[in-house]
There are 8 protein chains.
Amino acid sequence: LKVNWLRSEGDARLDLDRRQRLGMVEAIWGEHKSPEQIAAILRNLHQASEIGLVTRVSGGKAEAVAALLGDAAQQLELTHHPQARCLTAGLTAPLAQGPEEQVVVLGGGSSDLGVASEACLALSCHGISCGLLLDVGVAGLQRLLSQLERLRRAEVLIACAGMEGALPTVLAGLVPQPVIAVPVSVGYGVSAGGQAALNGMLASCAPGLTVVNIDNGYGAAMAALRILNLRIRRGDAAAD
Amino acid sequence: LKVNWLRSEGDARLDLDRRQRLGMVEAIWGEHKSPEQIAAILRNLHQASEIGLVTRVSGGKAEAVAALLGDAAQQLELTHHPQARCLTAGLTAPLAQGPEEQVVVLGGGSSDLGVASEACLALSCHGISCGLLLDVGVAGLQRLLSQLERLRRAEVLIACAGMEGALPTVLAGLVPQPVIAVPVSVGYGVSAGGQAALNGMLASCAPGLTVVNIDNGYGAAMAALRILNLRIRRGDAAAD
Amino acid sequence: LKVNWLRSEGDARLDLDRRQRLGMVEAIWGEHKSPEQIAAILRNLHQASEIGLVTRVSGGKAEAVAALLGDAAQQLELTHHPQARCLTAGLTAPLAQGPEEQVVVLGGGSSDLGVASEACLALSCHGISCGLLLDVGVAGLQRLLSQLERLRRAEVLIACAGMEGALPTVLAGLVPQPVIAVPVSVGYGVSAGGQAALNGMLASCAPGLTVVNIDNGYGAAMAALRILNLRIRRGDAAAD
Amino acid sequence: LKVNWLRSEGDARLDLDRRQRLGMVEAIWGEHKSPEQIAAILRNLHQASEIGLVTRVSGGKAEAVAALLGDAAQQLELTHHPQARCLTAGLTAPLAQGPEEQVVVLGGGSSDLGVASEACLALSCHGISCGLLLDVGVAGLQRLLSQLERLRRAEVLIACAGMEGALPTVLAGLVPQPVIAVPVSVGYGVSAGGQAALNGMLASCAPGLTVVNIDNGYGAAMAALRILNLRIRRGDAAAD
Amino acid sequence: LKVNWLRSEGDARLDLDRRQRLGMVEAIWGEHKSPEQIAAILRNLHQASEIGLVTRVSGGKAEAVAALLGDAAQQLELTHHPQARCLTAGLTAPLAQGPEEQVVVLGGGSSDLGVASEACLALSCHGISCGLLLDVGVAGLQRLLSQLERLRRAEVLIACAGMEGALPTVLAGLVPQPVIAVPVSVGYGVSAGGQAALNGMLASCAPGLTVVNIDNGYGAAMAALRILNLRIRRGDAAAD
Amino acid sequence: LKVNWLRSEGDARLDLDRRQRLGMVEAIWGEHKSPEQIAAILRNLHQASEIGLVTRVSGGKAEAVAALLGDAAQQLELTHHPQARCLTAGLTAPLAQGPEEQVVVLGGGSSDLGVASEACLALSCHGISCGLLLDVGVAGLQRLLSQLERLRRAEVLIACAGMEGALPTVLAGLVPQPVIAVPVSVGYGVSAGGQAALNGMLASCAPGLTVVNIDNGYGAAMAALRILNLRIRRGDAAAD
Amino acid sequence: LKVNWLRSEGDARLDLDRRQRLGMVEAIWGEHKSPEQIAAILRNLHQASEIGLVTRVSGGKAEAVAALLGDAAQQLELTHHPQARCLTAGLTAPLAQGPEEQVVVLGGGSSDLGVASEACLALSCHGISCGLLLDVGVAGLQRLLSQLERLRRAEVLIACAGMEGALPTVLAGLVPQPVIAVPVSVGYGVSAGGQAALNGMLASCAPGLTVVNIDNGYGAAMAALRILNLRIRRGDAAAD
Amino acid sequence: LKVNWLRSEGDARLDLDRRQRLGMVEAIWGEHKSPEQIAAILRNLHQASEIGLVTRVSGGKAEAVAALLGDAAQQLELTHHPQARCLTAGLTAPLAQGPEEQVVVLGGGSSDLGVASEACLALSCHGISCGLLLDVGVAGLQRLLSQLERLRRAEVLIACAGMEGALPTVLAGLVPQPVIAVPVSVGYGVSAGGQAALNGMLASCAPGLTVVNIDNGYGAAMAALRILNLRIRRGDAAAD
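Basis of the calculations
- Per chain, the residues get numbers from 1 upward, laid out in the order the sequence is written.
- Numbering of ligands from 1 and lettering of chains from A proceed in the order in which they are written.
- Owing to the predicted nature of the model, reporting of local features is limited to residues with pLDDT of at least 70; listing and counting of side-chain atom pairs is limited to 80 or more, with chain, interface and lining totals taken over all residues.
- Heavy atoms throughout the structure, all of them, feed into the side-chain values; hydrogens and water do not.
- As a per-residue measure, pLDDT reflects the predictor's confidence and takes values from 0 up to 100.
- Superposing the copies works by least squares over the C-alpha atoms of residues that have pLDDT at least 70 in both of them.
- Contact definition: two residues touch when any of their heavy atoms are within 4.5 Å.
- Here the quantity called buried area is the accessible surface, traced with a 1.4 Å probe, that two parts lose on coming together, added over both.
- For this document, the term salt bridge refers to a Lys or Arg side-chain nitrogen within 4 Å of an Asp or Glu carboxyl oxygen.
- Polar contacts, as used here, are pairs of N or O atoms within 3.5 Å; protein pairs need one atom able to donate a hydrogen and one able to accept it. Residues neighboring in sequence count only if both atoms are side-chain atoms.
- Only DSSP runs of H or I covering at least 4 residues are called helices, and only runs of E covering at least 2 are called strands; the numbering of each starts at the N terminus.
- By the convention adopted, Pro, Cys, Tyr, Trp, Phe, Met, Ile, Leu, Val and Ala count as nonpolar, Lys, Arg, Asp and Glu as charged, and the other residues, Gly among them, as polar.
- Between rings of Phe, Tyr and Trp, where Trp is taken as its six-membered ring, a pair exists when centres lie within 6.5 Å; planes separated by under 30 degrees are stacked, by over 60 edge-to-face, and by other angles tilted.
- Type-normalised accessible area, obtained with a 1.4 Å probe on protein chains alone, sets the label of each residue: buried when under 20%, exposed when over 50%, and partly exposed for intermediate values.
- Any Lys NZ or Arg CZ that is within 6 Å of a ring centre and within 35 degrees of that ring's normal is treated as a charge sitting over the ring.

Caption draft 1: Spatial organisation of the confidence of the model for chain A. For chain A, the mean per-residue pLDDT works out to 89, and 90% of the residues sit at or above 70. Taken over the whole predicted complex, pTM reads 0.94, whereas the ipTM for its chain interfaces reads 0.92.

Have a look at this one:
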């Protein structure tokens, strides 16, 4: 049996000017990539002095990447984040949860931890301080209502929820800030896969709620970043 | 052109022992029936000394039935209920909204009035007192929270909602009674037809919520009736 | 490879006043939780003198929880229920199947045993006596008809069915009590996942049937509990 | 404004040897055809000495066809069947409901009359005797059980049902003959359009039930005809 | 860790009078049953002198059943049919492929072998002779056309197809016998799971085609049996 | 025929503190409301000195409302906006299209005009200047690329598209600001109803894109308003 | 009631260099456009010396456009094509059905005439000769097989079909040319809207079949044009 | 336990005259076939002097086939292509990527490599030269625009994309050649399984785009081959 590998024209075509064009680092979607591909991409990003953020990487795949990188793994500050299922390189700052939370990421239940963590980590890669607030689902409403003061101090709220996905609707009826809803693919029966939560969020009767794809914690973080960057860009001008 | 009407074997096969078997009058689903068919059924029910309740009847069709019944219409106390889109015969009591509400029917918005009215009317046909509470959607939470005392006094709650359908979930997290959720087919985009509300209610994280078909106000009323009849049957025994 | 665990702000935010607010113990959905999370929650519930009920726990995960709890496992009366796939702590009473069945849980086929068992167990956790009746699917109608006397003595009926899900419809046409339908995710082709059974139950021509999410035996039990609690609350008052 | 009609190559390409090949007359699906097209086809069939059966024709369209045919309408014995929404030409026999019913067409409710009539009419066009039995839905089971003797005498049963579509399942568990299920597009919410009934019939736990497309009364009749023709062909041989 | 098995009220409630009522042996759906359950059922069927047919049984599960039955396995003539994924007990006759094929089971491709085999085996359990004809998909039409003579001699045709499922449509346009279509869950993209084939068969423009659930080879066989039993019952009468 | 109108407990329960709580006027969804209901609501809003914005109002219904209001119509400055299908009261400012566009609303084709107009009008009701840019669909890419300078000057972009809905994806890859995507329900076949556009936007490979319900121009405007209000609130603080 | 028309920035942004870039005239999708918009576009195209092709225009709308254009209608050679539901301007050549058919458009039934006509007309606008062949559905296979010689002479085949949509699959198994499949939205039940035909075509087991959106006769014509233009471009080069 | 293998009537019924009829080698869909079946088919093809192309074969299955063929494996030039997941026999030429690319296969991201490779390999089996261009997704538009010159030189373009699938739409708006779109089943949430990409491509506003089934790289290659064969057949004639 011969084995015939197709040689493509070189490495992946990285979108390295994304930071300049959009103000974002390029994140790598790790789910369908081999450890070899991920290791090569991280080396390229390191050479370009870019932070590396790879999403949807299991612990086992992370170790395989580390083994491939060998000594360079330490130099790249290769780190795996088990809950967020992400791999980072060159991210030296701690997950920012400072006294001032620019973004608060909420989750209806503890099953939303993975998606919420991905959002927090992606914000941290861009220097945004971020708080995490879980188990505030609407079936026990007082848990959410008791946190309103804290929520009103943030600039953007990201609300993750599976099942019927009602948390963002209730939240957006209580506070005036931008609220970004993330449906989460936990559930069973009609809520399996997150479609019921997604439709509930899109159909929301709370005005001005926006939605991203199911489980897309990274996308919600980038939407928050677009908003915060705007404030900085314009706010700075206003402050002159 | 000859026209050849198929003669069926007689009138509709009414399920007249339903009241004895299930404790319910037989309601007639009027949507696909002609005024002739409805008039014939109402005459039969009158002869059997049964109340007549026909759902999904427009004003125009109601008038056509009345015309067909002629003088008998008054004798049958034929009445059209425009919001509930129902036609009744032999229902003399007012829509029961006494001091003690056995059932409260809630609606997230004023667009839920039709479905909520159908539920109230069906309960009234069985002598159940029923209150109606609209515009308590979860995007303005304080409107619901301010009514909790009243809601806690009822025996069964029926919660109608379209859009994302979150009202029953929030309600069932606040009160211990049976809560029956009715998705309503108002909305557009992903909520058109009521499917998003239905799935949200089925996927609810509030324990013990039950659901009926979209727009099925009559069915929710009958589910409440089964519960209330149970209490009477067993409560009477306990009181002996 | 560094591994960076996100530390959340403490343990899961349990809804411990749920028993007072809704008359129900808080059940834990075990499917997406690790043995460590479940063990921690069970310890907390034990300290709060609450029964622990964790749904969707495989035998292997149950053993892992037991190993983590060590000697405390016996003190907590940790028990796994293989058919219901549930783990309980502090549940001393046997599964209640006394001479008087308050609730009967029916299943169309023996494949519905898992969902039906979850319902029975959840009722037992609240002291409700419960009978189980399987293999009464409508393709062999005499099996159901022969049990009508027994069914008429119960207060609430829970009917579980996969495939086309016609059992609850036929049942609700025969008896006057509350009937709660639970679609079951057994089947293949168009019935895979339980969606055909769910839609059949929602579309039912039997009046007053209510439905819960696919495989949600626990939810059906809590709906029955809401009804039974109502009878007690009101029945007691009537009996004074 | 010029109007440019595309001239196709002649009349519709009728499948006139269908009777010889399949033992069936060619039925014309009238829904998307203009009165002009239908009139032309009926003339062609008449010249070929074939019966004409056009399905899905409203009363108005039938009159338009009659007007186009003029005096020939009487010669063609043009007849409209309002309930079945069909137009026939050359069908002289009455709708066959003789003492011996080869086929019985059942309907769960009176809303199934249209589809059931289409099936009966299509059978009559082939000389098959056919009975009609409506209002035997499974929510009032005794109505079906009381007809078992009659049903056991027929050779093929066609069971039409909307809503949850459980009638064919219950029926096929009671009798040994071929049962052909026809989902009907009456209903609302999840049963709108007949999809819930269709899936319920396909998912049926009764062995040997077969299904045709929603509202396809004609198709069910042709399936029964294939079976009856087989009996004749083989039975004749056996009787030699 | 205590383990608490729920004891049900005895063995599965077999529908042993099905043979008398419907002329069919009761088949057991093995997919969700444990080897212990299957072994117990087979013992019961053997005591009742019934053939045992268990569908959807893998080779490994079959061996586990055999091990549980021990010496009785040979006495029961326990046999596994790998392609049909079925387990039989008491079936002594060979798979009937005699000179006269009462039923021919066709498959569009060799991937339809499993479903087609299940149909053949179920027919053999009832003494029906059955032929198998694979690889006659419509993309190479001559393969089907060359077999028309053989097909015309059979009494019932069962046509299995995945992908776009066009085989039954083309077949039913060519021959006058009953044609039962079985969608098969092979394919990918829009044809994954067999839904495209199912809808194509239901939507078929060939008159009188009937359809069963996806992969339901057993059900198609039972539908054929209903037809063949009818011929015998009536044919015998005719022959007197 | 008696006609029995259910009297609800008063007028609609308006959420008049929404402006204070969320910084938004309450918009009225006009689709399912009668002219009488709309006229009553507009009177109430006028008394509360609030602007009235009613969406999904046809020209005919607008005239009916005006007739009901009589002389008050002029006092309320009642205005119908045919393209946006909205009715406003008390909105004196012109649709703001000043030299500085805070928001630009883009549409892929001229069929997106209705949804885009609704967004512009809703922004104008809150004093936000807004530009409109149609016919920049991605099948003729140069039309979009030629407008990049203008787009980069805005603070928030709202991109409306039907069909495959690719415009927001391409746009969000070109500019760093917040981009809110609105699927539009124009199209046919797989794009009928806007579901294909919705899914395309949610699945977008451009990071940080957020989405609202199909045709929800008003919702997109409110999401933009949340962002702009944030900038003002925080920008003001920063500028102190 | 004031009426406030939003003035957009001018006329529709036509993609007038499409002919140069893609070799196609720009077709206008008329379904959601007003007669005023269509008339303005046709004037612009005339000034640019371009043919005008507007799809999905009813007879009534065509007359309204003609009335708006007044005398210019004749100058523009405004023509309505009722079957194709298209309006053309400047198209002087007859629908090309010369001795040599470059493209043959097939339809399974006469209900496919509308979509097939749209394809023919769009080809004629680009000078391509085109034949039309209806009523060659696969339920009467000999009708297709008898036309194979004619079909083999064409360069590209466009196959339109509703219902189960099997025509293109059978066709592509018989001939080696490019076959473009167009699902047609005729049918009912599972085939309503054309989704069953679409999925059947995509799932086809015939290699090299390509598919366009439901009812997209214009799109199929443009795909054929891309192929034919390629031949010309390359064929010319080869012929040099 | 007896094991009873059904013996089918011989080997698979290969469609060996496909090359003559359609100009294509017969590809074998390997997903549901055993190594034994594949080995037998490859031997048959070798005897018929045909190239063997088996799609959807994992590395492990390829090795199993090689082991079964033994020494013949080398003689057959058995080769596995890991990225394309294909097994070939008798393919001696290298993957053709000559100076002149007749077809260019594009992929939006590196996750599209598998499907794109399958297309390239299938073309190579027919002697077509083929280039591969990945990572040209529309969220970084300049990557595609910079390759336009190269793309304009090819004769047919195959565009593979997952997620929202916008690449083919943008591409077909830029170049005049035939563009064949292949949706790819990478993605998550609404894009899982490739349905969002598929619908986006069918709904495309770019005229003349055609689509094949999800992941059907082989089908796209065969569609390109039909086009190229046409050019050769006709171009040769023109060149005479």
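We are not done yet, so read on.
Caption draft 2: Broad picture of the relation of the copies chain F and chain A. The transformation that overlays chain F on chain A combines an axial shift of 0.0 Å with a rotation of 180°, and the residual RMSD is 0.0 Å. Both chain copies can therefore be described as sitting about a two-fold axis.

Caption draft 3: Layout of the interface of chain F and chain A. If you look at the interface, chain F gives 40 residues, while chain A gives 40 residues. Together chain F and chain A conceal approximately 3300 Å² of surface at their shared face, both sides included; 59% is due to carbon and sulfur atoms. At the junction of chain F and chain A, the tally comes to zero salt bridges. Our count for the chain F to chain A interface comes out at eleven residue pairs in polar contact (both at pLDDT 80 or more). Per element, the largest residue contribution to the side of chain F that touches chain A is twelve residues, and it comes from helix H10 (residues 217–239) of chain F. Residues that form the side of chain F that touches chain A fall into these classes: 25 nonpolar, six polar and nine charged.

Caption draft 4: Seen up close, the packing of aromatic side chains. Evaluated as defined, the whole model comprises eight aromatic pairs over all chains. Centroid distance Tyr188(C) to Trp29(E): 5.8 Å. Interplanar angle 40°. Geometry classified as tilted. Taken as a pair, Tyr188(C) in the loop between strand S9 (179–183) and helix H9 (195–202) and Trp29(E) in strand S2 (residues 27–29) lie in two separate chains rather than in one. Overall, Tyr188(C) belongs to the buried group, its relative accessible area being 14%. Here the guanidinium or amino end of Arg56(B) rests over the ring plane of Tyr188(D), the centre of that ring lying 4.0 Å away.

Caption draft 5: Structural detail: the environment of Arg150(G). All names here are of chain G. Considering the arrangement of structural elements, one finds arginine 150 in helix H7 (residues 148–153). Judged by relative accessible area, which is 16%, arginine 150 ranks as buried. Here the alpha-carbon distance between arginine 150 and glutamate 100, two residues 50 residues apart in the chain, equals 9.9 Å.

Caption draft 6: How the structure looks around the interface of chain A and chain B. Each partner contributes to the interface: chain A provides 20 residues, whereas chain B provides 20 residues. Across the interface of chain A and chain B, roughly 1700 Å² is buried in total on both sides, 77% from carbon and sulfur atoms. Along the contact surface separating chain A from chain B lie zero salt bridges. Applying the counting rule to chain A against chain B returns two residue pairs in polar contact (both at pLDDT 80 or more). Listed by contribution, the elements that provide at least two residues to the side of chain A that touches chain B are helix H8 (167–172) and helix H9 (195–202) of chain A. Top element by residues in the side of chain A that touches chain B is H9(A). It accounts for four residues. Taken together, the residues that form the side of chain A that touches chain B break down as 13 nonpolar, six polar and one charged.

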